[in-house]
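Here are the chains, one letter per residue:
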Amino acid sequence: MAFEKKIRNIALVGANGTVGSPILSALLATGHKTTVLTRPGSNANFPSAVTVHVGDYNDESFLLPILKGQDALIMALGYTANEAQIPLIKAAAKVGVPYIVPCEFGSDPTHEKMNADVPMMKMKAPFRKLIEELGVSSWIGVVNNPWVDFSIRLGLFGIDLKKKTAAFYDDGNVKANFTTLARVGETLAALFALPEAELSKYKNQFVYFSSFYVSQKDYLASAMRATGTTEEDWTITSVSSDQVIQAARESSDPMTRMMTLFAVVFKEGYGGDYNSKVVDYERLGLAPEDLDSLMKTLVQELNQ
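Reading guide: rules and limits
Residues numbered from 1 in each chain as written. Predicted model: local features only at pLDDT ≥ 70, side-chain atom pairs only at ≥ 80, totals over all residues. Heavy atoms only, no water. Helix = DSSP H or I, 4+ residues; strand = E, 2+ residues; numbered from the N terminus. Buried < 20%, exposed > 50% of the residue type's maximum accessible area, 1.4 Å probe, protein only. Expected span 1.5 Å × (residues − 1). Pairing = 2+ DSSP bridges. Axes fitted to C-alpha atoms, helices over the stretch in contact; angles between N-to-C directions. Contact = heavy atoms within 4.5 Å. Parallel < 35°, antiparallel > 145°, perpendicular 65-115°, else oblique. Left-handed = near helix turned anticlockwise from the far one by under 90°. Nonpolar A, V, L, I, M, F, W, Y, C, P; charged D, E, K, R; others polar. Phe/Tyr/Trp six-rings, centres within 6.5 Å; stacked < 30°, edge-to-face > 60°. 1 Å grid on protein atoms, 1.4 Å probe; cavity = no way out; pocket = protein on both sides within 12 Å on 5 of 7 lines; lining within 4 Å. Points joined across faces, edges and corners; volume = space filled by probe spheres on them. Polar contact = N/O pair within 3.5 Å; in protein donor to acceptor, adjacent residues only side chain to side chain.

### Section: unusual backbone geometry
Positive phi values are uncommon outside glycine, yet Phe105 reaches one of about 50 degrees. Assignment of secondary structure puts Phe105 in the loop between β5 (99-101) and α4 (112-117). Judged by relative accessible area, Phe105 falls into the buried class, the value being 9%. Even without a glycine there, the phi angle at Asp170 is positive, about 55 degrees. Within the secondary structure, Asp170 is located in the loop between β8 (165-169) and β9 (176-178).

### Points about helix α9 (residues 216-227)
The end-to-end C-alpha separation of α9 is 16 Å, in line with the 16 Å expected for 12 residues at 1.5 Å each. Taken together, the buried positions of α9 are occupied by Gln216, Tyr219, Leu220, Ser222, Ala223, Met224 and Ala226. Note on α9: the residue one or two positions beyond its end, Gly228, has a positive phi of about 65 degrees.

### What about the sheet that holds strand β2 (residues 33-38)?
Here seven strands make up an open sheet; going across it, the order is β3-β2-β1-β4-β5-β6-β10 and the pairing parallel. Two strands in the sheet have a free side with no partner beyond their single neighbour: β3 (51-54) and β10 (205-208). When strand polarity is set aside, the average angle formed by the axes of neighbouring strands in this sheet is 25 degrees. Where strand β1 (residues 9-13) and β2 come together, five bridges link them in parallel fashion. Along β2, the bridge assignment pairs Leu12 with Val36. Here helix α1 (residues 20-30) sits on the sheet in contact with β1, β2 and β4 (72-75), set at roughly 165 degrees to β1. With respect to the sheet, helix α2 (residues 60-67) is in contact with β1, β2, β3 and β4, its orientation differing from that of β2 by roughly 175 degrees.

### A look at the packing of helix α3 (residues 85-94) against helix α5 (residues 125-134)
Close contact between α3 and α5 brings their axes to 10 Å; oriented N to C, the two are set at 20 degrees. Taken together, the axes of α3 and α5 lie roughly parallel to each other. The interaxial crossing formed by α3 with α5 has right-handed handedness. Seen from α3, the contacting residues are Gln85, Ile86, Ile89, Lys90 and Ala93; seen from α5, they are Phe127, Leu130, Ile131 and Leu134. Among the residues making up the contact of α3 with α5, the classes are represented as seven nonpolar, one polar and one charged.

### Here we look at the packing of aromatic side chains
This model, assessed by the stated rule, comprises 10 aromatic pairs. On the numbers, 6.1 Å between centres and 75 degrees between planes, the contact of Tyr99 with Phe192 is edge-to-face. Of this pair, Tyr99 sits in strand β5 while Phe192 is found in the loop between α7 (181-191) and α8 (196-199), placing the two residues 93 residues apart along the sequence. Relative accessible area serves as the criterion here: at 2%, Tyr99 is assigned to the buried category. Residue Phe192 is classed as buried on the basis of its relative accessible area of 0%. Joined through ring pairs, the aromatic side chains of Phe157, Phe178, Tyr219, Phe262 and Phe266 make up one cluster.

### Remarks on the layout of surface pockets
Of the volumes computed, that of the largest pocket is approximately 770 Å³. What lines the largest pocket is a set of 37 residues, among which Leu77, Gly78, Tyr79, Phe105 and Trp147 lie closest to the centre. For the lining of the largest pocket, the secondary structure elements donating two or more residues are β2, α6 (148-153), α11 (254-258) and α12 (260-265). Grouping the constituent residues of the lining of the largest pocket by class yields 21 nonpolar, 13 polar and three charged.

### Quick notes on the environment of Lys203
Among the secondary structure elements, Lys203 is positioned in the loop between α8 and β10. Sequence separation of Lys203 and Lys129 is 74 residues, and the distance between their C-alpha atoms is 13 Å.

### Some thoughts on the side chain of Ser211
Inspection of the secondary structure assignment puts Ser211 in the loop between β10 and β11 (212-214). Owing to a relative accessible area of 14%, Ser211 belongs among the buried residues under this scheme. Within the local environment of Ser211, its side chain forms a polar contact with the backbone nitrogen of Thr180, the two atoms lying 2.9 Å apart. A distance of 2.4 Å separates polar atoms of two side chains, one belonging to Ser211 and the other to Glu289.

### Examining the sheet that holds β8
Ordered by their spatial adjacency, three strands build an open sheet running β7-β8-β12, and the pairing between neighbours is mixed. The open sheet has two edge strands, β7 (159-160) and β12 (235-239), and neither has a second partner. By the bridge criterion, two bridges tie β7 to β8 in an arrangement that is antiparallel. Note on β8: the bridge partner recorded for Asp160 is Thr165. Relative to the sheet, α9 contacts β7, β8 and β12, its axis offset from that of β8 by approximately 165 degrees.

In structure tokens:
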């Protein structure tokens, strides 16, 4: 970073979750004074540098003294726990927490086509609206598209490293932005290390994270390099993204509609490509990541 780091007091909810854990690691590595809020019954273990508070998120008497004096509240809860944000947002406003990062960590909520075909995109808007209505805190929304490592492990990008299969949407050439879980944490921690004059520019705005700007064919090429294989070793198929989207529109199954996201991000004009909006990583002091190195790590995991 070409600036003096601003060390902030940051409260984190969901610190042992899929995205919460790398956020916690990055906050600590950056030097932020980090407080974790967790519910009774959690078996999570946290580093000694973390201040941990266990209690009920619906208990204002528990929340207020913890959130008082915090510079930011980051919520990294699963999408099924969205409603748990409400008492946290209200408590943060009562004690004047300047910044709230709500449970976003997804695709671009400002893109009309994306919002029209992926129902879960609209689920997050009420919480941003609540923050604005209370008029005390400002929200910062993280856009990162599906997490790279998480999605490849589950084959959600159509690339199955174990079975050596690749299922492309259309021709597999459409590029989009994707972010590793570690880079989500690193970018957020670096963002909160910015001087206030720069951080304040993100008040009630989305900030766009990205590790790679790639297509499904780019992922397959990296997978082949990591496995020492060629196209002849893979079973490659394709499906029409239009058909996938239309089928989801006609389906009453919430999971089917949710999975449309992976067809949409690889479709031209649907918001998966936000490369022109990506945060300035040079300013944040974060070096580019290497897709092949990540892919090799994922292949090694499969072979263990």
